[in-house]
Amino acid sequence: MELNQHRERFLEAGVAVAAMTFEGVDVLAEFTSDQGIGYPLLSDPSGTYMHGLGIRNEEFGPDHPTFGIVHPGVMWIDASRTIRYKAALPPGSGRAEIGELLEAVAP
């Protein structure tokens, strides 16, 4: 939600905002409508992309009910598909500050 409030500042820096979650397309469409989200919400129900980005929480093994869960976070991936900034923090560690994110993407 905080990203939505600062979306224009990211656009001014030349950065398009998107978010990814395990939720299905129908859930994301409803959430986008209800919350007035102004950027794409991407559905990755299998976690293929999120795990490929290296943000899986390795604390939980395959026999644990939350196996496969990812650390919440943000990334800046440039046009050449290079990860320029990554803050995927363990649950309870807070989130990256908007100012830190804007500084990371500053030209």
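Note that the coordinates shown come from a computational prediction; the quantities given were computed from them, not determined experimentally. (Residues numbered from 1 in each chain as written. Predicted model: local features only at pLDDT ≥ 70, side-chain atom pairs only at ≥ 80, totals over all residues. Heavy atoms only, no water.)

1. Concerning the pattern of salt bridges
One pass over the full model with this rule turns up 2 salt bridges. For Arg7, the salt bridge identified is with Glu8, shortest N-O distance 3.7 Å. By relative accessible area, Arg7 is classed as partly exposed at 23%. Classification of Glu8 by relative accessible area gives partly exposed; the value is 47%. (Salt bridge = Lys/Arg side-chain N within 4 Å of Asp/Glu carboxyl O. Buried < 20%, exposed > 50% of the residue type's maximum accessible area, 1.4 Å probe, protein only.)

2. Section: a nonpolar patch on the surface
Together, Met20, Leu42 and Tyr49 give the surface a local cluster of nonpolar side chains, amounting to about 300 Å² of exposed area. Along the polypeptide, Leu42 turns up in strand β2 (residues 41-43). (Patch = residues over 30% accessible without salt bridge, like charges linked within 9 Å, V, L, I, M, F, W, Y side chains within 5 Å. Areas by Shrake-Rupley, 256 points an atom, 1.4 Å probe, with all protein chains shown as cover. Helix = DSSP H or I, 4+ residues; strand = E, 2+ residues; numbered from the N terminus.)

3. Considering the layout of surface pockets
Unfilled space is identified by rolling a water-sized probe across the atoms. The calculated volume of the largest pocket comes to roughly 1,300 Å³. Every residue lining the largest pocket is counted, 41 residues in all, and those nearest its centre are Ala18, Ala19, Met20, Gly73 and Val74. For the lining of the largest pocket, the secondary-structure elements that each account for two or more residues are α1 (2-5), β1 (19-21), α3 (25-35), β2, β3 (73-77) and α5 (98-105). Among the elements that line the lining of the largest pocket, the one with the most residues is β3, at 5 residues. Grouping the constituent residues of the lining of the largest pocket by class yields 33 nonpolar, 4 polar and 4 charged. (1 Å grid on protein atoms, 1.4 Å probe; cavity = no way out; pocket = protein on both sides within 12 Å on 5 of 7 lines; lining within 4 Å. Points joined across faces, edges and corners; volume = space filled by probe spheres on them. Nonpolar A, V, L, I, M, F, W, Y, C, P; charged D, E, K, R; others polar.)

4. Overview of the pairing of strand β4 (residues 83-88)
Remark: a regular strand shows side chains that alternate across the two faces of the sheet. Pairing analysis gives 5 bridges linking β3 to β4, with the strands arranged antiparallel. Looking at the pairing, Trp76 lines up with Tyr85 of β4. Where β3 hands over to β4, the hairpin turn is made up of 5 residues, of which Arg81 adopts a positive phi near 70°. (Pairing = 2+ DSSP bridges.)

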